[in-house]
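# Coordinate inspection notes
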Amino acid sequence: MSEYAEFFLNRSGSVVQLECLEVSHPSFAQTYYVVRNAVAGVTVTHEDSTVHAYQYVPLLIERGSTTDDLDQSLRVSIADMGNQLADDIDAVLSGAFADVKPTIKYRLYRHDDLSAPIYTLKTLEVSNMSRDNSGSTTFVAMAQQLNNTKTGMIYSFVDYPSLRGYL
């Protein structure tokens, strides 16, 4: 059984999951390391053995699908980051790397074991981002679409009778 499944099936009630986000882009002044549910912040070890300090930011994270397919997506609303994130978003739109999409990496940790994440979503590309006048920024991030080619062909039993055996 995976460590992720073990966490949800066999953990004690006092173990808390920590949701961490890494938001990066070449035009950003810094890579943002934010955690949703650790008010004092947290220092964790990534899967590549590097240590990073995550700061607490009020976040709303909505995962778009199940964890066992390739169509992973997140909708993240970040509040109260001040003008720095807004300035970095403006730098993306007007900078030299305007054609490069920002990326989000999602990591889930146990609060009692910060030595490695129990679940990760790596390199989700931000497909849509918006800001409102209250300072909240919303990102929609999804896995890179690897199969964008469509033929327009309709596969029917009339044209391809051998398909009937696969249903």
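So, a few notes on the structure that sits alongside this text.

### Brief notes about unusual backbone geometry
Glycine aside, a negative phi is what most residues show, and trans is what most peptide bonds show. Even without being a glycine, Ser-49 presents a positive backbone phi close to 70 degrees. Counting through the fold element by element, Ser-49 comes out in the loop between β3 (42-45) and β4 (51-56). On the basis of relative accessible area, Ser-49 is assigned to the exposed category, the value being 59%.

### What about the packing of aromatic side chains?
Two numbers describe a pair of aromatic rings. These are the distance of the centres and the angle of the planes. Summed over the entire model, instances satisfying the criterion amount to 3 aromatic pairs. On the basis of an interplanar angle of 70 degrees and a centroid distance of 6.5 Å, the ring pair of Tyr-106 and Tyr-119 is categorised as edge-to-face. A residue pair is termed long-range when its members are at least 10 positions apart, and Tyr-106 in strand β7 (residues 103-110) and Tyr-119 in strand β8 (residues 119-131) qualify at 13 residues. Each member of the pair Tyr-106 and Tyr-119 is classed as buried.

### Points about the pattern of salt bridges
For the coordinates displayed, the defined rule picks out 4 salt bridges. Its salt-bridge partner being Glu-19, residue Arg-36 comes within 2.4 Å of it at the nearest N-O pair. Placement of Arg-36 in the loop between β2 (32-35) and β3 and of Glu-19 in strand β1 (residues 17-24) is noted, with a sequence separation of 17 residues between them. Overall, the relative accessible area of 29% leaves Arg-36 in the partly exposed class. Here the residues in one salt-bridge network are Glu-22, Glu-47 and Arg-107, joined through shared partners.

### Notes on the sheet that holds strand β6 (residues 73-78)
Overall, mixed pairing links the 9 strands, which are arranged β3-β4-β2-β1-β7-β8-β9-β6-β5 in an open sheet. Across the chains shown, the open sheet's two edge strands, defined by having one partner strand only, are β3 and β5 (59-63). In this sheet, adjacent strand axes meet at a mean angle of 30 degrees when their direction is disregarded. Note that β1 and β2 share 4 bridges and pair antiparallel. Within β2, the residue paired with Cys-20 across the bridge is Val-35.

So, how was this worked out
Residues numbered from 1 in each chain as written. Predicted model: local features only at pLDDT ≥ 70, side-chain atom pairs only at ≥ 80, totals over all residues. Heavy atoms only, no water. Helix = DSSP H or I, 4+ residues; strand = E, 2+ residues; numbered from the N terminus. Buried < 20%, exposed > 50% of the residue type's maximum accessible area, 1.4 Å probe, protein only. Phe/Tyr/Trp six-rings, centres within 6.5 Å; stacked < 30°, edge-to-face > 60°. Salt bridge = Lys/Arg side-chain N within 4 Å of Asp/Glu carboxyl O. Pairing = 2+ DSSP bridges. Axes fitted to C-alpha atoms, helices over the stretch in contact; angles between N-to-C directions.

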